[in-house]
Amino acid sequence: MNNIAKNITATIIFDGSALNRDEKIGGNILSIKKLNVNGEIRSFLGKPAIRHYLFETLQHHKKWLPAPVALRGKGEQQTTQFDLTRADILSYPELDIFGYMFTIGGESSITRKAPLGITKAVSLYPYQGDMAFYANQDLVTRGRLQGMEINPNLYSKEEHTSFYKVSFSIDAQIIGTDVWLISEEPQIENDKLIVKLSNEDRKELEGRLIGENKWETSNGEVTWQQISNRKFKLMFKVNQKEKMKRIKALLESFKSGLYAQSSGEINTIIPLFLIAGAVKIPSPIFHPYIDIRKENNGWKVLGVADALRNSWLEKDEDKVIVYLQDCERLQIEESYKEKVEKSWDIFLKKIGLEENANE
C-alpha cells in the first residue's frame, strides 16, 4: 500500500443550534449570524467558530498544545499573532494544520496557508425569527434572600435549531512541510540551532546535527540552503509517523464530533451523516450536492449519487475511495453503500494512513 497520504474532503450534517452569536440588536438582544441563501434567511456558524471547536476537540482528545502568541507591530498596527520565535510546525500541530502569519519589522512576514479548509456551517432550513427571553433570576433570588434590593438583568436571544452542513478539506501534501525565507544562515551555538529572523527576533531549536545543513528534532528535521547572496531557505519537515497521526486525529474528529460550547451552552456538532473521500485536489467537492428532505418515514439525504460521480475522486481499481456514515434519523439509500467503502479502518488504509498512526 502507498504510504503517502491522499488529499481528503469530508462533509457532515449535524443537528445543532446557532450559538455563534453576532452583534447585539437594540442594546439587549443577542443576535445570531444569518445569511440570505436563495431568498431564505439561514443561520450559520462561521469558519472561525468551527476552527475553534475543532481545536478544542483536539486539545481534549489528542492533547494538542495551544501555540504561544505575541503582540507584533506598533500602535494601531499592533496585532496578536502566533510567536514563531517559540513555535513552529514541528512542535505545535496547530500551526501545521491551521496556518499562521508572523510579521517581521513591519516590512515582511512569514505566512503559512492552512492545509485544512473549513466552510461555514449553514443551516439547511430557514430561520423563522424565533426569540427567547432570559433573566439572571437565580442570582437575583439569592441576593434578595441576603437582603439586597436588586432587580434581574433582562435580555433576549435569537434562537435557531436546525440541521447544519459543514465541509472540510485536507491538503495532505502541505501538512508536515513548511518553508521560511531568512536573511542569515542558521548557526549552531551550545548544541542549539539558532535562526535569526530579524535584529530583534531570534529562534532556538533543540536537537542535533545529522548531516550538512540538516538538523534533527523530536518530531522531524530542519534543513537549509542558500538561494541568493542574502537569502536562505529554511525547510521544516515533520516525520511521517507524526504527520499521519495529525491527519488521523482530524478525521476522527470529523467522524465522531466536535466539543462545542458557547455562552455557557453546549452544542451538538455530532455527525448524523458523513461522507468522506480521497480527492485529487483538496476541494470540498461533496458540499454543493448534499442536502436533506423530509419524507413520510423520516429524513433522507439527497445528492449522494451526484457526489459519487465527481471526477476529482480517487479510485482503488474501479471503486471510488469514499466512506459513508448515516444513522436512523438521517438515512441514505442502501444501494449507495455498495459503491463505497463500508469499513472506516479500511478507508483509512486506502487513503494512506497506516494502522499504527494512532496515539
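In the block above lies the structure referred to throughout.
Residues numbered from 1 in each chain as written. Predicted model: local features only at pLDDT ≥ 70, side-chain atom pairs only at ≥ 80, totals over all residues. Heavy atoms only, no water.

## Re the overall build of the chain
Reasoning step 1: Of the regular secondary structure elements, the chain holds 7 helices and 31 strands.
Reasoning step 2: With the principal axes as the frame, the chain shows a C-alpha extent of 70 × 65 × 40 Å.
Reasoning step 3: Put simply, the chain has 359 residues, and 47% of those count as buried.
Reasoning step 4: Within the chain, residue pairs in contact and separated by at least 24 positions form 65% of the contacts whose partners lie at least 6 positions apart. (Helix = DSSP H or I, 4+ residues; strand = E, 2+ residues; numbered from the N terminus. Buried < 20%, exposed > 50% of the residue type's maximum accessible area, 1.4 Å probe, protein only. Contact = heavy atoms within 4.5 Å.)

## Here's the deal with the pairing of strand S6 (residues 69-72)
Reasoning step 1: Burial along S6 is one-sided: the face carrying Ala70 and Arg72 is buried and the face carrying Val69 and Leu71 is not.
Reasoning step 2: Sheet topology note: the S6/strand S7 (residues 79-82) ladder contains 4 bridges and is antiparallel. Considered in S7, the bridge of Ala70 is made with Gln81.
Reasoning step 3: Connecting S6 to the next strand, S7, in antiparallel fashion are 6 residues, including Gly73 with a positive phi near 90 degrees. (Pairing = 2+ DSSP bridges.)

## Comments concerning helix H4 (residues 240-256)
Reasoning step 1: Counted at 1.5 Å a residue, the expected span for H4 with its 17 residues is 24 Å, and the 24 Å between its end C-alpha atoms agrees.
Reasoning step 2: Taken residue by residue, H4 has Glu242, Lys243, Met244, Arg246, Ile247, Lys248, Ala249, Leu250, Leu251, Ser253 and Phe254 as its buried positions.
Reasoning step 3: Backbone geometry just downstream of H4 places Gly257 in the positive-phi region, at approximately 120 degrees. (Expected span 1.5 Å × (residues − 1).)

## Focus on the sheet that holds strand S20 (residues 214-216)
Reasoning step 1: Pairing is antiparallel in the open sheet, where 5 strands are placed in the order S15-S22-S21-S20-S19. Each of the sheet's edge strands pairs with one partner strand only, and the pair in question is strand S15 (177-182) and strand S19 (208-211). Neighbour to neighbour, the strand axes of the sheet diverge by 25 degrees on average, direction disregarded.
Reasoning step 2: In this sheet, strand S21 (residues 220-228) lies alongside S20 in antiparallel orientation, the contact comprising 3 bridges. (Axes fitted to C-alpha atoms, helices over the stretch in contact; angles between N-to-C directions.)

## Section: the pairing of strand S14 (residues 161-170)
Reasoning step 1: Of all 10 residues in S14, 9 are buried; the element is thus mostly enclosed.
Reasoning step 2: Alignment of strand S1 (residues 7-17) against S14, held across 10 bridges, turns out to be antiparallel. Of the residues in S14, the one forming a bridge with Thr9 is Ser169.
Reasoning step 3: In terms of strand pairing, strand S10 (residues 116-118) meets S14 through 3 bridges, oriented antiparallel. Considered in S14, the bridge of Leu116 is made with Ile170.

## Some points on the packing of helix H1 (residues 47-62) against H4
Describing two packed helices takes the angle between their axes plus the distance from one axis to the other.
Reasoning step 1: Where H1 meets H4, the closest approach of the two axes is 10 Å, and the angle between their N-to-C directions is 110 degrees. Here H1 is positioned roughly perpendicular relative to H4, judged by the angle of their axes. Along this stretch, H1 crosses H4, giving a crossing that reads as right-handed. On H4, the residues touching Leu54, Thr57, Leu58, His61 and Lys62 of H1 are Ala249, Leu250, Glu252, Ser253 and Phe254.
Reasoning step 2: Residues of the contact of H1 with H4, tallied by class, amount to 5 nonpolar, 3 polar and 2 charged. (Parallel < 35°, antiparallel > 145°, perpendicular 65-115°, else oblique. Left-handed = near helix turned anticlockwise from the far one by under 90°. Nonpolar A, V, L, I, M, F, W, Y, C, P; charged D, E, K, R; others polar.)

## Description of the side chain of Asp201
Reasoning step 1: Residue position: Asp201 is located in the loop between strand S17 (192-196) and strand S18 (202-205).
Reasoning step 2: A polar side-chain atom of Asp201 sits 2.8 Å from a polar atom in the side chain of Arg72.
Reasoning step 3: Within the local environment of Asp201, its side chain forms a polar contact with the side chain of Ser198, the two groups lying 2.9 Å apart.
Reasoning step 4: Asp201 has contacts with Arg72, Thr85, Phe102, Val195 and Lys196, leaving out every residue within four places of it along the chain. (Polar contact = N/O pair within 3.5 Å; in protein donor to acceptor, adjacent residues only side chain to side chain.)

## So, unusual backbone geometry
Reasoning step 1: In this model, Lys63 sits at a positive phi of 60 degrees, which is unusual for a non-glycine residue.
Reasoning step 2: In this structure, Asn190 is a non-glycine residue whose phi angle is positive, near 50 degrees.
Reasoning step 3: Along the polypeptide, Asn190 turns up in the loop between strand S16 (187-189) and S17.
Reasoning step 4: On the basis of relative accessible area, Asn190 is assigned to the exposed category, the value being 75%.

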